[in-house]
Each structure stands twice: as structure tokens, then as C-alpha cells.
Amino acid sequence: MSTEFDNVFEDLQWRNAIAEATPGANEILAREKVTCYIGFDPTAQSLHIGNMVPIMGLVRMQQHGHTPIAIVGGGTGMIGDPSGRSEERPLLTPDQINENVQGIQRQLESFLDFSEESSNRAVVVNNADWLSKVSLIEFLRDTGKHFSVNTMLSRESVRSRMDRDTGISFTEFSYQLLQAYDFLRLFEERNCTFQMGGSDQWGNILGGIDLIRRVHGGTAASQDQQDLSRLEAADLPAHAMAYPLITTSTGEKFGKSIGGAPTLDPEQTSPYRLYQFFFNVTDPDAVPYLKLFTMLKREQIEGLEESVQTAPREREAQQTLAAEVTRMVHGDRGLEEAKRVTKALFSNDLRTLSARELRGALTEASHGMVRPVDLSGGITLASAVTVNGGGMISSTSELRRLVDQGAVKINGQVETDPLRQLTDEDFIDRQVMVVQRGKKSHDLIWLEPDAR
RNA sequence: GCAGGGGUUGGGGAGUGGUUAAACCCGGCAGACUGUAAAUCUGUUGCCUAUGGCUUCGCAGGUUCGAAUCCUGCCCCCUGCACCA
């Protein structure tokens, strides 16, 4: 695969995907093909869109001929990264972690090229493979000896916790050693000389390079890691770069909109919702996201950039962004589904669709709350809509408020009476009812099949 | 351990006996405008079988016609001091 950029570094730089880099990293990447890695925390069952940045980082590395390794932190996950946390993390059970590791591993596999024929095929490794096997004594002697507690204490993630009375446990304090050790192992076993990560991980990443340097010699072995940036490229046995943490143009944490960050798991976040998430991105965010989240070429993106300027109404950039991401995550079928549902929901002719079509389109759509309802005992709209909780409307009071504000539509018709009795007339084809809250949220309710 | 301060509705933060479901700000949600955008404006933001009722102000009791507001005990947090080192 070829691109318009000479090397990954330039590519990533153009995409604003580089916040930090070790001195000389750009030359290395231009000159040789390296093996690089990024770590993924198994704190949840599924990756979410925030993880797209690192994933795309690996994808682009591979595209440019480098060999990507994804580490899932089955071992470090047992410890917990103190970065960005004001309190001690609850420890996950080994079972949970295992489950999460497997889920994440599966998801990663759909982005990277793992084929045997590939000369730079991707690898997924679990750091539990080695972390769970090192002996404590061995670790303290061989690795711990290279770390100065003074330096470790000065780490922002540690210091902020020391200042609070809750403090930090030895467990989390040790985290930085483990992460550094990962890099050392990959360096030794897989000739991996490059690490990428979020800029919040920069300290940990440098710790890894420093460890490698101390273990494998180098003239400046006694220097403090704080001074890494002053070293010449030649002194560094390994390199790294960090991507910036993404925020929206208004400074919010990325992905925090509608009900939390969309995940990459279709069970948790339907393709439709993922599509909608990106479709609704604001103008100033559209182009930066296109650069970060898609494989589109420079000229395509520049074309879209112009379209945001000249014809914002067309929302070409958002549409392309949404389509590209959805296809990458859920494939052509997922994208098709997302578009089909979008069309059904925003064309305002719900009544013309059949129950079958609606169910097909909506079951996995929007809030995904599909709930059966039994009419036989008589039921009000309010109780139908709020059954089981968990839907987009959580209480009768909330329904009333929304109805008062003219925000609720049933099958496309504005609703005025939250307490009216439902009849099977309210269900399209006497089967399904589409509840709409505001412009963008939908629920689907269907009649209990045998209660009709 | 001693002394002092404090725990209020998603967050911040008023309120120290009734007119307080609890000011105000932020956030959230919705409406208008628009482009399924941003900005702006408006409304709303405990629950219910709803011109009323119920449950909320760390927890448990108590005093009162009436408590978030007063008393008692407990839990948790912050600040000084002491102890430890």
C-alpha cells in the first residue's frame, strides 16, 4: 500500500496524531521498518471509540510497512494504572480481566492485518504471559534496581495521589515498573523498538525506554529519565511517540455525548448509533476527526474540508466520517443497516413502513430498547413507555414533562396525553409502536405476541 | 488521640424551626432558530393513579402542631496540634 506521505511520521503529523516524540523518532521511522506497540487496558469488555486513535495509529504503522503489536494488559490490568485517577481503582477479578482481554483481542483483529503471508503481520500479545510468571525476587533485582523511587515519586500521577489523604497503594505505585518492563520484554523478545500511547502515558513510556537503556547499556545509562529529551537520538535504544488526548472543539472529553462513549461492540452500540455519533459531530470537529479516524487520503480530506467551508449544509464531511468509521468497525453490512435505520427514522413516514420493516430496522437501533407490552389488562401510554426502566424515558413524570414540551411522538404523531389507554390501533400493523423523544431518540415497543 | 470545621437534590454551592422539592451557577433534557451542526433565546431538571399526594438534605433515634434547620448517638471527610517515626 502506498500513500502520499513518505513515512508514517509525516502522515501522523499531518493528522495531528503526534503530541510528543522522542528525539530522532521521525528519522528512524523514515529510515527503517520498526516493530512498534501500543497497550490496551482490559478495563471493559469492549473497546470504545476513544481507542480508535491508538488503533488507527497501529493501522497506519502497518500500512507504512512497520510491524504492529497490540498488547492487551491482562497483567497490568490486574494492578491498575493510577494515571488520571484521583482514587484507587477497584481491582477487577481475574475472570473479568480474562473475559475483557478476549473481547478486546477479537475486536483488534478486525482492524489489523494478521495474515500469515504478510511480511509485517500484526500480533496481539497479552502481558500476563510474562508478568504472571516473573518471580518477585527476580523482578526486584533485575528491574526494580533500575528505578529510583525519587523519580517515581515525582511522577504527576503519583504526586497528585500523594497529596490526597487517600494516598496511593503500593500496588498502583508499582504500575509504572510493570509498564516499563513490558517494553523491555518486547524489546528483547520481538525486537520491538517503538512504543506509542496517549500523551497521558508519556511518563510511563519514557520509563520503558529508560529501563531498556539501563539494562542494555548505552553511554548515558546513569542519567535521570527526566533528561531523556536532551539525549541525542543515537543514545536511545528505543523510541516512542504519543498521540494527543482528543477533546471536542468545545473542550469536552471526546465521546461523552449521548449516553457515554460508543463502544465498538455492536451488541452494546448498534452500528446505527455509532453512525449517528459521527454524523452529529460539529463542523469544527469534522475534519480533525476525518484525519484521525479514517484512512482517507489527504486530498479527499482536503476536499471535504473545503465542503465544510463552502457548503456546510450538505454535511458531506460528517456523512463521510460516519460512513467510513461505521464501515471500518462494522463492515459494509453494518453501514448499510445504519443508513437504512437513519433513513427510516428521519424521513418522517413511519406509518408507511410495515411492522416487519420497522422491527428489522429498529430492533438494533437507537436506544435499542425493545420491549414487549401486554394490552389485555389495559395499559397506559406512560406505563408502556417506562416498563422495565432502562428505556429512554425513565418515569411518568419525565414523560409528562416531555409531552408538555411537545417532544414526544408516537409513530410520528405528536403525543398530547401521557396517560391515555393504549389500543392495538396504536401499534403499526397491530404489532409495533415507535416512541420518539426529541429529534434523535427512538424506542420500539411491541405487543406481546400471544396477548393479542 | 485532642481541638476546630464540615457532610444539602448529577457537580459546585445557598439555606440554621413553618411561605423549602429546597435560591443561584454549571451540567443534563426539551422547544424555537438551523443543517439531525455551533452559537443564541426559552422552558425544564425527585417520584406518583397529579390543581393534590408521597419520599428526599451522611445514618439512627428524639424534641416540636411543624425540622435540611434544634437535641442525642453513630459513620465519613477536612484543618490545626499531639503521638508515632
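Residues numbered from 1 in each chain as written. Chains lettered and ligands numbered in written order. Predicted model: local features only at pLDDT ≥ 70, side-chain atom pairs only at ≥ 80, totals over all residues. Heavy atoms only, no water.

**A word on the overall build of chain A**
- Scanning chain A for helices and strands turns up 18 helices and eleven strands.
- Sorting the 452 residues of chain A into buried and exposed places 51% on the buried side.
- When contacts within chain A are restricted to residue pairs at least 6 apart in sequence, those whose partners lie at least 24 apart make up 72%.
- Accessible surface, chain A as shown: approximately 21,800 Å² in total, 46% of it carbon and sulfur. (Helix = DSSP H or I, 4+ residues; strand = E, 2+ residues; numbered from the N terminus. Buried < 20%, exposed > 50% of the residue type's maximum accessible area, 1.4 Å probe, protein only. Contact = heavy atoms within 4.5 Å. Areas by Shrake-Rupley, 256 points an atom, 1.4 Å probe, with all protein chains shown as cover.)

**Points about helix 15 (residues 316-346)**
- Over its 31 residues, helix 15 extends only 17 Å from the first C-alpha to the last, a length that falls short of the 45 Å expected when each residue adds 1.5 Å.
- His330 marks the point of greatest bend in helix 15, at about 125°. (Expected span 1.5 Å × (residues − 1). Bend = angle between axes of the 7 residues up to and from the residue.)

**Notes on the packing of aromatic side chains**
- Counting across every chain of the model gives eight aromatic pairs.
- Between Phe170 and Phe173, the aromatic rings sit 6.5 Å apart at their centres with planes inclined by 50°, giving tilted as the arrangement. Of the two residues, Phe170 and Phe173 are both situated in helix 9 (residues 170-173); the distance of three residues between them amounts to about one turn of the helix.
- Between Phe277 and Phe278, the aromatic rings sit 5.0 Å apart at their centres with planes inclined by 85°, giving edge-to-face as the arrangement. For the pair Phe277 and Phe278, one class covers both residues: buried.
- Pairwise contacts between aromatic rings join Phe277, Phe278, Tyr289 and Phe293 into one cluster. (Phe/Tyr/Trp six-rings, centres within 6.5 Å; stacked < 30°, edge-to-face > 60°.)

**Focus: the packing of helix 3 (residues 52-63) against helix 13 (residues 283-293)**
- Viewed as axis vectors pointing N to C, helix 3 and helix 13 meet at an angle of 50°, and their least axial separation amounts to 9 Å. With respect to each other, helix 3 and helix 13 are oriented oblique. Residues Met52, Val53, Met56 and Arg60 of helix 3 form the contact with helix 13, whose own contacting residues are Lys291, Leu292 and Phe293. (Axes fitted to C-alpha atoms, helices over the stretch in contact; angles between N-to-C directions. Parallel < 35°, antiparallel > 145°, perpendicular 65-115°, else oblique.)

**Observations concerning the nonpolar core**
- One finds Phe40, Met52, Met61, Leu108, Phe194, Phe278 and Phe293 to be the most contacted residues of the largest nonpolar core, which totals 63 residues.
- Both of domain 1 (8-243) and domain 2 (271-346) provide at least three residues apiece to this core.
- If you look at the next biggest cluster of nonpolar residues, it comprises 33 residues, including Val125, Met152, Leu184 and Ala242. (Core = buried A, V, L, I, M, F, W, Y, C linked by side-chain atoms within 4.5 Å. Domains from an automatic or database assignment.)

**Digging into the side chain of Thr143**
- The residue Thr143 is located in the loop between helix 6 (136-142) and helix 7 (149-154) in this model.
- Of the residues examined, Thr143 reaches a relative accessible area of 2% and is grouped as buried.

**Re the pairing of strand 10 (residues 432-437)**
- Of all six residues in strand 10, five are buried, a share of seventy percent or more.
- Bridge analysis of strand 8 (residues 408-410) against strand 10 gives three bridges, and the strand direction is antiparallel. When the bridges of strand 10 are listed, Val408 appears paired with Arg437.
- Here six bridges tie strand 10 to strand 11 (residues 441-447), and the two strands are oriented antiparallel to one another. (Pairing = 2+ DSSP bridges.)

**A closer look at the confidence of the model for chain A**
- Put simply, chain A has an average pLDDT of 84, and 85% of its residues get 70 or more.
- Confidence drops under a pLDDT of 50 for residues 365-369, and excluding neighbours within four residues, the segment shows 17 contacts in the predicted structure. (pLDDT = per-residue confidence, 0-100.)

**Observations regarding the pairing of strand 11**
- Summarising burial for strand 11: seven of the seven residues are buried, a large majority.
- The two faces of strand 11 match: Ser441, Asp443, Ile445 and Leu447 on one face and His442, Leu444 and Trp446 on the other face are all buried.

**Here we look at the environment of Gln105**
- With respect to the secondary-structure elements, Gln105 resides in helix 4 (residues 94-109).
- The exposure class of Gln105 is partly exposed, given its relative accessible area of 26%.
- Once the C-alpha coordinates of Gln105 and Pro42 are considered, the two residues, 63 residues apart in sequence, prove to be 9.6 Å apart.
- If sequence neighbours within four positions are ignored, Gln105 has contacts with Val72 and Val124.

**A word on the pattern of salt bridges**
- Overall, the coordinates contain 14 salt bridges when judged by the stated rule.
- The partner of Glu324 in a salt bridge is Arg327, and the shortest N-O contact between them spans 3.0 Å. Linking Glu324 with Arg327, this pair stays in helix 15, spanning three residues, or about one helical turn.
- The class of Glu324 is buried, set by a relative accessible area of 19%.
- Two residues, Arg420 and Asp426, come together in a salt bridge whose shortest N-O distance is 2.3 Å.
- For Asp426, a relative accessible area of 13% gives the class buried.
- Salt bridges sharing common partners tie together Asp210, Arg213 and Arg214. (Salt bridge = Lys/Arg side-chain N within 4 Å of Asp/Glu carboxyl O.)

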